[in-house]
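Each chain is listed here by its residues.
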Amino acid sequence: MTEGRPVTAGAARLNTSVAHNARVWNYWIGGKDHYEVDQRVGEHVAGMFPVIRAVARADREFLARAVAFLAGERGIRQFLDIGTGLPTVENTHEIAQRIAPESRVVYVDNDPIVLVHARSLLTSSPEGVTDYLDADVRDPDAIVRGAGATLDLDRPVAVMLLGILNFVPDTGEARRVVRRLMAAVPSGSHLVLTHPTHDPDVGGEGNAAAMEFWNANATPPITARGRTEIAGFLDGLDLVEPGLVPCSQWRAEPAAAAVPQFGAVAVKR
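All chains use their own residue numbering, which begins from 1 and follows the written sequence. With the structure being a predicted model, the display of local features is reserved for residues of pLDDT at least 70 and the display and counting of side-chain atom pairs for 80 or more, all residues being used for whole-chain, interface and lining totals. Each side-chain value is derived from all of the structure's non-hydrogen atoms; neither hydrogens nor water enter the calculation.

**Student:** Before we move on, can you summarise the overall build of the chain with the specific residues and values?
**Tutor:** Under the DSSP-based scheme used, a helix requires at least four consecutive residues in state H or I and a strand at least two consecutive residues in state E, with every element numbered from the N terminus. In terms of helices and strands, the chain carries nine helices and 10 strands. The reference for a compact globule is 2.2 Å times residues^0.38; the radius of gyration itself is calculated from the C-alpha atoms. Computed over C-alpha atoms, the radius of gyration of the chain comes to 17 Å, within 12% of the 18 Å expected from 2.2 N^0.38 for 269 residues, which places it in the range of a compact globule. Projected onto its principal axes, the C-alpha positions of the chain cover 45 × 40 × 35 Å. By the burial criterion, 53% of the 269 residues in the chain qualify as buried. The contacts of the chain with a sequence gap of at least 6 include a subset with a gap of at least 24, amounting to 74%. For accessible areas, the Shrake-Rupley method is used with a probe of radius 1.4 Å. Any residue's cover is judged against the shown protein chains and nothing else. For the chain, the exposed area adds up to about 11500 Å²; of that, 51% sits on carbon and sulfur atoms. Computed over 26 positive and 33 negative side-chain charges, the inter-centroid distance for the chain is 2 Å. Exposure is judged per residue with a 1.4 Å probe applied to protein chains only, and the accessible area is read against the type maximum: over 50% gives exposed, under 20% gives buried, and values in between give partly exposed. Only heavy atoms matter for contacts: two residues are in contact if any of them lie within 4.5 Å across the pair. Counting rule for charge: Lys and Arg are taken as positive, Asp and Glu as negative, and neither His nor the chain ends is counted. Charge positions come from single atoms, namely NZ of Lys, CZ of Arg, CG of Asp or CD of Glu.

**Student:** Residue-level account of the pairing of strand S3 (residues 104-109), with values.
**Tutor:** With respect to burial, S3 is a largely interior element, five of its six residues being buried. Should DSSP find at least two bridges between two strands, the strands are taken to pair. Two elements, strand S2 (residues 78-82) and S3, share five bridges in a ladder whose sense is parallel. Bridge pairing in S3 places Ile 82 opposite Val 108. The path from the first strand over the helix to the second decides the hand: if it runs clockwise while the strands point away from the viewer, the crossover is right-handed. Of the crossover connections in this fold, the one passing from S2 over helix H4 (residues 92-99) to the parallel S3 is right-handed.

**Student:** Report on the packing of aromatic side chains, specifying residues and quantitative values.
**Tutor:** Centre-to-centre distance and the angle between the planes together describe a pair of aromatic rings. Between rings of Phe, Tyr and Trp, where Trp is taken as its six-membered ring, a pair exists when centres lie within 6.5 Å; planes separated by under 30 degrees are stacked, by over 60 edge-to-face, and by other angles tilted. Overall, the coordinates contain two aromatic pairs when judged by the stated rule. A centroid spacing of 5.5 Å and a plane angle of 70° characterise the contact between Phe 62 and Trp 250, whose relative ring orientation is edge-to-face. Taken together, the positions of Phe 62 in helix H3 (residues 52-72) and Trp 250 in the loop between strand S9 (245-246) and strand S10 (261-267) put the pair 188 residues apart, joining distant regions of the chain. Of the two residues examined, Phe 62 and Trp 250, each falls in the buried class. Aromatic side chains Phe 69 and Trp 250 sit 5.8 Å apart centroid to centroid with 80° between the ring planes, which places their arrangement in the edge-to-face category. Of this pair, Phe 69 sits in helix H3 while Trp 250 sits in the loop between S9 and S10, placing them 181 residues apart in sequence.

Keep in mind these values describe shape, not function.
Right, dumping it as structure tokens:
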């Protein structure tokens, strides 16, 4: 980290008695930052919906491809990664700053365990900046205000919403969040999005039951959406090829299998 505000504890307290998405997700992708309760719930969900581990890996691999594309082909030098989760390997700043060391990255999350690990996340190339903002996706005004301390919001920004709008159950509210965030950044900015689906043509049939179990036994509550609802988050933006597709297939190898998690990158005119 070169410049940035000190990491502060959020209002939420770390609760290790209830499974939490950030820790269960970390378990699914092979990380070590989780507790026994997270492993138990993760195993149960994976038993109900075995593809979930592939979804977790595909989402992470999509992030890497999307950031490399934006930094390498689109010349993006600013990234606002909302709902970043626990740091693992190949985080947004690592990929972006490997390609363009001057890249500036702001991570946003409100999970107390992510706050605990934030200092290990806040590393940067000497030329760039990596910062962390303790904020909730449902408060986009606070995110915009906080991000403006590190990012130049008059220059293009990649707004990254990977696997986070599914924690905003009301679709109207989720759309308002996206509109507010994209209104705060200029033409040439990009939206990077992934979202789970229950659509059967990509293997989402089991998502409803798995999410019902999750919502009864873990936090925060989650929802899946159909392709049309997810596409609504991209209204007014120009989709980058290949459009809204399973995230495992976005600019991936031709033989990549579909997963029930859509991904897309779109640009603001």
